[in-house]
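Residue-level listing of the chains:
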Amino acid sequence: MSIQENLKTIKSSIPEHVTLVAVSKTKPVSDLMEAYNAGQRVFGENKIQEMAEKYEEMPKDIKWHMIGHVQRNKVKYMASFVSLIHGVDNFKLLKEIDKQAKKHDRVIDCLLQIKIASEDSKFGMSFEDASKFTQSKIISELKNIRVTGVMGMATFTDDKSQIKNEFNRLKFTFDALKALQTENCKLQIISMGMSGDYKLAIDCGSTMIRVGSSIFGLRNQTI
Ligand SMILES: *Cc1c(COP(=O)(O)O)cnc(C)c1O
């Protein structure tokens with residue numbers, strides 16, 4: 001199937017309130033343009049440099065989402081254009097995003113990455129840390145960021161009930177944090193679900209799915 005057909009199939013199977021992020025990491029601009037020409041405007045990348053290069057080359061009405069782990073010293077390369085940063089898991093990073101956003105006179109939306117998987121390799125903060133985080137006075141003083149939701153990645157496993165438990169945990173975290181909202185922490189987005197599990201994620205309350213291989217085909221590198 002073509003990229004265009006894949007997109008159409010996925011779009012028609014998800015509810016309207018769910019945002020589809022087309023995860024285009026490692027794929028050439030020609031593939032992204034095929035998705036763009038089919039109407040897709042939200043793209044997700046996991047390397048800042050690669051995203052910045054694609055941003056330069058592509059139409060400017062695209063919303064670029066950084067879905068990977070962010071190194072603080074590279075925030076400056078995306079601060080002028082990034083639309084949503086999914087993987088914020090510490091205060092120093094949030095502070096750097098605020099600082100760089102300020103230079104461009106922008107407010108950058110961020111999601112807190114919550115650790116829901118049992119694997120040690122996955123990044124993210126605990127529920128306790130996230131709730132302290134959203135309530136802290138220092139965060140309310142960062143005027144150039146907005147925390148708009150949470151993001152999580154389930155364990156890489158075939159065990160659907162485990163994945164479901166992990167998604168439910170993220171939904172629970174979201175509901176609890178949502179109740180604590182402050183000036184610049186207003187939670188609306190739950191980013192969970194990838195090619196293999198986005199239907200389950202939507203059943204568990206996802207409002208934003210990050211789908212790569214089901215749109216663009218398998219990637220050579222395992223990232
Ligand atoms: C690569 C990636 C995805 C997409 O994975 P697919 O299985 O190809 O859909 C989603 N989220 C993150 C954080 C990723 O790195």
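Residues numbered from 1 in each chain as written. Predicted model: local features only at pLDDT ≥ 70, side-chain atom pairs only at ≥ 80, totals over all residues. Heavy atoms only, no water.

Q: Requested: an account of the site of the ligand, with residues and values cited.
A: In the region of the ligand, the neighbouring residues are V23, K25, I67, M151, M153, M194, S195, R210, V211, G212, S213 and R219. Taking S195, its side chain carries an N or O atom lying 2.5 Å from an oxygen atom of the ligand. Within the side chain of R219, an N or O atom sits 2.8 Å from an oxygen atom of the ligand. Burial of the ligand by the surrounding chains reaches 91%, relative to a free accessible area of 390 Å². The residue inventory of the shell around the ligand, partitioned by class, reads six nonpolar, three polar and three charged. (Near = heavy atom within 4 Å. Polar contact = N/O pair within 3.5 Å; in protein donor to acceptor, adjacent residues only side chain to side chain. Areas by Shrake-Rupley, 256 points an atom, 1.4 Å probe, with all protein chains shown as cover. Nonpolar A, V, L, I, M, F, W, Y, C, P; charged D, E, K, R; others polar.)

Q: Explain the packing of helix α1 (residues 3-13) against helix α2 (residues 29-37) to me, and be specific about the residues and the numbers.
A: Their axes nearest at 9 Å, the elements α1 and α2 cross at an angle of 50°. Accordingly, the angle class assigned to the pair α1 and α2 is oblique. Pair α1 / α2 crosses with right-handed handedness. Here I3, Q4 and L7 of α1 lie close against α2, whose contacting residues are D31, E34 and A35. Split into classes, the residues belonging to the contact of α1 with α2 amount to three nonpolar, one polar and two charged. (Axes fitted to C-alpha atoms, helices over the stretch in contact; angles between N-to-C directions. Helix = DSSP H or I, 4+ residues; strand = E, 2+ residues; numbered from the N terminus. Parallel < 35°, antiparallel > 145°, perpendicular 65-115°, else oblique. Left-handed = near helix turned anticlockwise from the far one by under 90°. Contact = heavy atoms within 4.5 Å.)

Q: So what about the side chain of K27? Which residues, and what values?
A: Counting through the fold element by element, K27 comes out in the loop between β1 (19-23) and α2. In this structure K27 is buried but unpaired, with D31 as the nearest side chain of opposite charge at 5.0 Å. Apart from residues lying up to four places away in sequence, K27 is in contact with L32, E50, K54, F216, G217, L218 and R219. (Buried < 20%, exposed > 50% of the residue type's maximum accessible area, 1.4 Å probe, protein only. Lys, Arg positive; Asp, Glu negative; His and termini not counted. Salt bridge = Lys/Arg side-chain N within 4 Å of Asp/Glu carboxyl O.)

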